[in-house]
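Chain residues, written in single-letter form:
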Amino acid sequence: MRLTEVTYSGARPVDGYGPSFFRIGGEVHQGALLTGPDGPAPWTGYQDTAPLLALAGQVDVLFIGTGAEVAHIPQALRQSLEQAGLGVEAMTSPAACRTYNVLLGEGRRIALAALPV
């Protein structure tokens, strides 16, 4: 088997997560998190739409981690993100972190907004 080391340009992958935290680039971030081309930043949840909408034009898809359980995101949030030209994929936060890392390794234009597990 041939192994190839993944190199990331720009954004950094999620190294880990746990109860109330995410670790990116070895740095622990408490609470909900937004990460993408500009690096990690705090996010206060679904009502905090401004930083998500600011990603329009920078990323094609925004993964939204809903915490430990699968949940629908508010319809108004989904509509405003899609109207801004962002693809939106909601899933559990662990699944969103894994998917974000895989697509980031492929060089895709993506971002992650996740609630802690």
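See above for the structure.
Residues numbered from 1 in each chain as written. Predicted model: local features only at pLDDT ≥ 70, side-chain atom pairs only at ≥ 80, totals over all residues. Heavy atoms only, no water.

(A) Broad picture of the sheet that holds strand S1 (residues 14-18). As summarised here, the arrangement of the 3 strands in space is S1-S2-S3, forming an open sheet in which the pairing is antiparallel. Strand pairing shows two members of the sheet lacking a second neighbour, S1 and strand S3 (27-30), which therefore form its edges. Across the sheet, the axes of successive neighbouring strands diverge by a mean angle of 20°, strand direction being ignored. With respect to the sheet, helix H3 (residues 93-105) is in contact with S1 and strand S2 (21-24), its orientation differing from that of S1 by roughly 175°. (Pairing = 2+ DSSP bridges. Helix = DSSP H or I, 4+ residues; strand = E, 2+ residues; numbered from the N terminus. Axes fitted to C-alpha atoms, helices over the stretch in contact; angles between N-to-C directions. Contact = heavy atoms within 4.5 Å.)

(B) Just the pairing of strand S7 (residues 87-91), in detail. When strand S6 (residues 61-65) meets S7, the two strands line up parallel, connected through 5 bridges. Across the sheet, residue Gly 65 finds its bridge partner in S7, namely Met 91. Handedness of the crossover is the feature at issue here: the chain leaves S6, passes through helix H2 (residues 75-83), returns alongside S7, and the resulting connection is right-handed. (Right-handed = clockwise from strand over helix to strand, strands pointing away.)

(C) Main features of the side chain of Thr 92. By the secondary structure assignment, Thr 92 is in the loop between S7 and H3. In contact with Thr 92, not counting residues within four places along its chain, are Gly 65, Thr 66, Gly 67, Ala 68, Glu 69 and Val 70.

(D) Broad picture of the packing of aromatic side chains. Scanning all chains against the criterion turns up 1 aromatic pair. The interplanar angle of 75° and the centroid separation of 6.2 Å between the aromatic rings of Trp 43 and Tyr 46 together place this pair among those described as edge-to-face. (Phe/Tyr/Trp six-rings, centres within 6.5 Å; stacked < 30°, edge-to-face > 60°.)

(E) Summary view of H3. With 13 residues, H3 should reach 18 Å at 1.5 Å per residue; the first-to-last C-alpha distance of 18 Å fits that figure. For H3, the full list of buried residues reads Ser 93, Pro 94, Ala 95, Ala 96, Cys 97, Tyr 100, Asn 101, Leu 103 and Leu 104. For H3, the secondary structure elements touched by its buried residues are S1, S2, strand S4 (33-35), S6, S7 and strand S8 (110-114). Just beyond H3, the residue with positive phi is Gly 107, at close to 80°. (Expected span 1.5 Å × (residues − 1). Buried < 20%, exposed > 50% of the residue type's maximum accessible area, 1.4 Å probe, protein only.)

(F) Representation of the pattern of salt bridges. Evaluated as defined, the whole model comprises 3 salt bridges. For Glu 106, the salt bridge goes to Arg 108, with nearest N and O atoms at 3.1 Å. (Salt bridge = Lys/Arg side-chain N within 4 Å of Asp/Glu carboxyl O.)

(G) Geometry of the sheet that holds S4. Here we have 5 strands laid out as an open sheet, ordered S5-S4-S8-S6-S7, and mixed in their pairing. Of all strands in the sheet, those bounded by a partner on one side alone are strand S5 (41-42) and S7. Where S4 and S8 come together, 3 bridges link them in antiparallel fashion. Bridging across to S8, Leu 34 finds its partner in Ala 113.

Distances and angles like these do not, on their own, reveal function.
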